[in-house]
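Now for the letters of each chain:
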Amino acid sequence: MATPNTMTITLPGEDEQLFKLVRHKSVGSAIAAVLVLLVIAGVIAAFVFADIDYAVTLKYLFDPQILSGVVTTLELTVISMLVGVMLGVVTALLRESKNRVLSGAAGFYTWLFRGTPVLVQLLIWFNIALVIPTVSFFGMWTVSTNTIMTPFLAAILALGINEGSYMSEIVRAGLLAVDKGQAEAALALGMRKRRVMLSVVLPQALRIILPPAGNQLIAMLKTSALAYTISVSELLNGAFRIYTLNYKVIELLFTASIWYLFMTTVLTFLQSWLERRMNRGFAGEAAPSMKKRWLKNTFGVTR
């Protein structure tokens, strides 16, 4: 049965006319909603009645090994992201170079590291001593590669270099989005190309680069869990060391998941705040509020 709503509209040169807006109930959407609720209820019931000791999850939430893993995860994320951003900016600029050798080398780097799984890259860097047994500095000092290539450094190189291949495309897209006329105008005023890039092009490109770069940072936080495979003492590895002793596997994985959710939520709020700051002065292009951003990224809710 339709539920009518009324609205009064005055048309130019005519008397007021009453229009009825009829909203029809969709049977299909109602059935879909019921099915979704049943699935959610089933999942909740499965976890409620499962043999899971949630007290253990909370007990180890602030365990020293877990907290140490959180710190290592943040270090991995920040350092790898900085390496990725620097490599991304350099590669993006080289891709736009008129020198075919430089442009080709940058394109090859992007193709290679975007085309291979980051887990494979982690394992290659961790076992790089099989390819380069020793490292020599000007023939005066030689050291075993195994001494230098610690698990933490291998993770930084793998994650950072892999991230650089993605950031290069993000940065390049941001640079191409800036109107070329502005750079040409700056050059006509006598500014050098380097100054034009740093003072005119990059500040505007940052508004376009920042949202996907923020998403890459959040993805990096979660991807850092792969470092567990080469024995880096990050968050997942800390949970692993504990549950190998007490056999509370699911409980400790939930502990790690809580920390990951907390950190990604904080980063999402910071990303939204930065976007709003960057968009100041651009009328009609304000970024969504932190609350709306979090709801959209987490649940797909826009209102």
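Analysis parameters
- Residues numbered from 1 in each chain as written.
- Predicted model: local features only at pLDDT ≥ 70, side-chain atom pairs only at ≥ 80, totals over all residues.
- Heavy atoms only, no water.
- Axes fitted to C-alpha atoms, helices over the stretch in contact; angles between N-to-C directions.
- Helix = DSSP H or I, 4+ residues; strand = E, 2+ residues; numbered from the N terminus.
- Left-handed = near helix turned anticlockwise from the far one by under 90°.
- Contact = heavy atoms within 4.5 Å.
- Nonpolar A, V, L, I, M, F, W, Y, C, P; charged D, E, K, R; others polar.
- Salt bridge = Lys/Arg side-chain N within 4 Å of Asp/Glu carboxyl O.
- Buried < 20%, exposed > 50% of the residue type's maximum accessible area, 1.4 Å probe, protein only.
- Phe/Tyr/Trp six-rings, centres within 6.5 Å; stacked < 30°, edge-to-face > 60°.
- Parallel < 35°, antiparallel > 145°, perpendicular 65-115°, else oblique.
- Pairing = 2+ DSSP bridges.

A. Structural view of the packing of helix α8 (residues 180-188) against helix α9 (residues 193-223). Put simply, α8 and α9 touch, their axes get as near as 10 Å, and they point 145° apart. Seen from above, α8 lies across α9 with right-handed handedness. Every residue of α9 that contacts α8 at Gln 182, Ala 183, Ala 186 and Leu 187 is listed here: Lys 193, Val 196, Val 200, Val 201 and Gln 204. Residue composition of the contact of α8 with α9, grouped by class: 6 nonpolar, 2 polar and 1 charged.

B. Here's a closer look at the pattern of salt bridges. If you walk through the whole model with that rule in mind, you get 3 salt bridges. Across the salt bridge formed by Glu 96 and Arg 172, the nearest N and O atoms sit 3.4 Å from each other. Of the two residues, Glu 96 sits in the loop between α3 (64-95) and α4 (100-114) while Arg 172 sits in helix α7 (residues 151-177), which places them 76 residues apart along the sequence. Glu 96 sits in the partly exposed class, given a relative accessible area of 41%. Its salt-bridge partner being Glu 169, residue Arg 172 comes within 3.3 Å of it at the nearest N-O pair. A residue pair is termed a helical-turn pair when its members lie 3 or 4 positions apart in one helix, as Arg 172 and Glu 169 do in helix α7 at 3 residues. On the accessibility criterion, Glu 169 (22% relative accessible area) is partly exposed. Within the structure, one salt-bridge network assembled from shared partners comprises Arg 95, Glu 96, Glu 169 and Arg 172.

C. Highlighting the packing of aromatic side chains. According to the stated counting rule, one finds 8 aromatic pairs in the structure shown. Ring centres of Phe 108 and Trp 111 lie 5.5 Å apart, and the angle between their planes is 40°; this geometry places the pair in the tilted category. With Phe 108 and Trp 111 both in helix α4 and 3 residues apart, the pair spans about one turn of that helix. Ring centres of Tyr 228 and Phe 240 lie 5.5 Å apart, and the angle between their planes is 70°; this geometry places the pair in the edge-to-face category. Here Tyr 228, found in the loop between α9 and α10 (235-246), pairs with Phe 240, found in helix α10; they are 12 residues apart in sequence, far enough to count as distant. Its relative accessible area of 28% is what places Tyr 228 among the partly exposed residues. With relative accessibility at 30%, the residue Phe 240 sits in the partly exposed group. Members of the aromatic cluster, joined through ring pairs, are Phe 47, Tyr 54 and Phe 254.

D. Spotlight on unusual backbone geometry. Phi at Ser 231 takes a positive value of approximately 70°, unusual for a residue other than glycine. Mapped onto the elements of the fold, Ser 231 is located in the loop between α9 and α10. In this structure, Tyr 247 takes a positive phi of about 60° despite not being glycine. Along the chain, Tyr 247 turns up in the loop between α10 and α11 (249-278). The class for Tyr 247 is exposed, based on a relative accessible area of 68%.

E. Focus on the packing of α10 against α11. Running from amino to carboxyl end, α10 crosses α11 at an angle of 160°, the nearest separation of the two axes being 8 Å. Judged by the inter-axis angle, α10 sits roughly antiparallel to α11. Crossing geometry of α10 relative to α11 is assigned as right-handed. Only Val 249, Leu 252, Leu 253, Ala 256, Trp 259, Tyr 260 and Met 263 of α11 make contact with α10, whose side of the interface consists of Leu 235, Leu 236, Ala 239, Ile 242, Tyr 243 and Asn 246. The residue makeup of the contact of α10 with α11, split by class, is 12 nonpolar, 1 polar and no charged.

F. Main features of the pairing of strand β3 (residues 134-137). Looking at chain direction, β3 and strand β4 (residues 141-144) are connected through 4 bridges and run antiparallel. When the sheet's bridge partners are listed, Phe 137 is paired in β4 with Trp 141. Hairpin geometry of β3 and β4 is characterised by an intervening segment of 3 residues between the two adjacent antiparallel strands and by a positive phi of about 55° at Phe 138.

Structural measurements only, silent on function.
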